[in-house]
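# Residue-level structural notes
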Amino acid sequence: MDSKIDKADAKVQKIRERKRRKSSEDRKVGSEIFDKITLETLYKLANQDYLDVLNGAVSTGKEANVLKGITKNNNYVAVKIYRIATSDFKKMDYYVHGDPRFNIKTKNKRQLIYAWVNKEFKNLKRLHNAGVNVPEPIVNSNNVLIIEFIGDTKGNPAPPVKNQPPKDSEEFFNKLLVQLKKFVHDGKLVHGDLSNYNILNQNEEPLIIDVSQSVVLDNPISHELLQRDIKTLVNEYKKLGVKTSYEEVYKYVDFKL
Ligand code: ADP
Ligand code: MN
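What you are looking at is a predicted structure, and each value in this text was computed from that prediction instead of being measured.

Before going further, it helps to examine the packing of helix H7 (residues 222–239) against helix H8 (residues 246–253). For the pair H7 and H8, the least separation of the axes is 9 Å and the interaxial angle reads 130°. Compared by their axis directions, H7 and H8 come out oblique. Two packed elements cross with a definite hand, and for H7 against H8 that hand is right-handed. Along the contact surface, H7 presents His-223, Leu-226, Gln-227, Ile-230, Lys-231 and Val-234, while H8 presents Tyr-246, Val-249, Tyr-250 and Val-253. A breakdown of the residues in the contact of H7 with H8 according to their chemical character gives seven nonpolar, two polar and one charged.

Now the structure itself:
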């Protein structure tokens, strides 16, 4: 558990308990990890019943924190919060500007992050509707994305494959390839950052996450990203003992525009 995040959780809860009043005291409430806008966004989502309690950190990444949330109906959700201060804007700019769905004119950092979060939501929606094994998106607002929590009923998150390799890597890899092909053919997207860090092992079923950078097939960089994704996977699964090759997987996925 990250004690900083726990402290921030407590603050979010405290804000919720308080009556809504626009006092300067309220506006002053800050935290080491959440800025004012993030707190206000969480507060708004809580008022809209998307969230009741934040219950600790699942992951503290380079650009985002993932927290476990609990709803009023006692369901778990994953709350992904992008940090405004430390995000990689060059990368976001590169991926967002090649996407015809997002005609981003702004160079404003905050707006770019919001577009990025919106892109992750839309990508998840599209993939989920196409039947790809991804978390179902619930809502996004500003730099906050709430999605289906992947884990057990006790609230333990499913581990990334990197931390918990499959029991039968051959079988798992085959299931993963089915998902990868579906991702491209039915979701009509290329992941762009596919590796065992972004594949969860949910009871020996592969679940793909972290699709903010995923691009539509029309994007001029899609083919290159797919080739890179396949290379990464083939390397990782060879190390786990799977007999496979780049050519075999590339042929199976059958990329065409
Ligand atoms: P980033 O890599 O940009 O920090 P990810 O979306 O990959 O963000 O999430 C980081 C980590 O949080 C994942 O490796 C995983 O352990 C956990 N995680 C992400 N989404 C979920 C989810 N829906 N359910 C459970 N755990 C999740
Ligand atoms: Mn990730």
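What the five strands build is an open sheet, ordered E1-E2-E3-E5-E4; its pairing is antiparallel. Two strands bound the open sheet, and with one partner strand each, they are strand E1 (53–60) and strand E4 (137–141). The average undirected angle you get between the axes of adjacent strands in this sheet is 25°. Two strands pair when backbone bridges link them, and E4 and strand E5 (residues 144–148) are joined in this way by four bridges, in the antiparallel orientation. Residue Ser-141 lies in a different strand from E5, and its bridge partner there is Val-144.

Where H8 is concerned, the buried positions are Tyr-246, Val-249 and Val-253. An end-on view of H8 places all buried positions within 75° of arc, on one side of the element. In H8, those exposed residues whose orientation departs by more than 90 degrees from the buried face are Glu-247 and Lys-251. Buried residues in H8 make contact with helix H6 (169–185) and H7. Within two residues after H8, Asp-254 carries a phi angle of roughly 60°, on the positive side.

With four of its five residues buried, E5 lies for the most part within the structure. Sheet topology note: the strand E3 (residues 76–82)/E5 ladder contains five bridges and is antiparallel. Residue pairing in the sheet places Lys-80 in a bridge with Leu-145 of E5. Between E4 and E5, which pair antiparallel and follow one another directly, the connecting turn spans two residues, one of which, Asn-142, has a positive phi of 50°.

Take the nonpolar core next. Core analysis: the biggest nonpolar cluster contains 51 residues, and Leu-180, Ile-199, Leu-226, Ile-230, Tyr-237 and Val-249 have the highest contact counts within it. Of the residues forming this core, the biggest block, eight residues, is contributed by helix H5 (residues 109–129). For this core, the domains that each give at least three residues are domain 1 (29–148) and domain 2 (169–253). Contacts of Leu-180, omitting those with residues within four sequence positions, involve Leu-194, Leu-226, Ile-230, Leu-233, Val-249 and Val-253. Membership of the second largest hydrophobic core comes to 13 residues, among which are Phe-34, Leu-54, Leu-67 and Val-139.

Scoring rules and cut-offs
Residue positions are given per chain, counting from 1 as you read along its sequence in written order. Chains carry letters from A onward and ligands carry numbers from 1 onward, assigned in written order. Thresholds applied to this predicted model are a pLDDT of at least 70 for local features of residues and 80 or more for the giving and counting of side-chain atom pairs; totals over whole chains, interfaces and linings are not thresholded and use all residues. Excluding hydrogens and water, the side-chain values take into account all heavy atoms of the structure. Here an angle of 0 to 180 degrees is reported between the N-to-C directions of two axes, which are lines fitted to C-alpha atoms, with helices fitted over the stretch in contact. Under the scheme used here, helices are H or I runs from DSSP no shorter than 4 residues and strands are E runs no shorter than 2 residues, and both carry numbers assigned from the N terminus. An angle below 35 degrees is treated as roughly parallel, one above 145 as roughly antiparallel, one from 65 to 115 as roughly perpendicular, and anything else as oblique. Put simply, a crossing is left-handed when the front helix is turned counterclockwise from the back one by less than a right angle, and right-handed when it is turned clockwise. Working rule for contacts: check all heavy atoms of both residues, and any pair within 4.5 Å makes them a contact. Three categories are distinguished: nonpolar for Ala, Val, Leu, Ile, Met, Phe, Trp, Tyr, Cys and Pro, charged for Asp, Glu, Lys and Arg, and polar for the others, with Gly belonging to the last. Note: two strands are recorded as paired if DSSP finds a minimum of 2 bridges between them. To sort residues, take the accessible area from a 1.4 Å probe on protein chains only and compare it with the maximum for the residue type: under 20% means buried, over 50% means exposed, and anything in between is partly exposed. Arc, as used here, means the arc of the directions from the helix axis to the C-beta atoms. Buried Ala, Val, Leu, Ile, Met, Phe, Trp, Tyr and Cys residues that are joined via side-chain atoms within 4.5 Å together make up what is termed a nonpolar core. Segment limits for the domains were obtained from an automatic or database-derived domain assignment.

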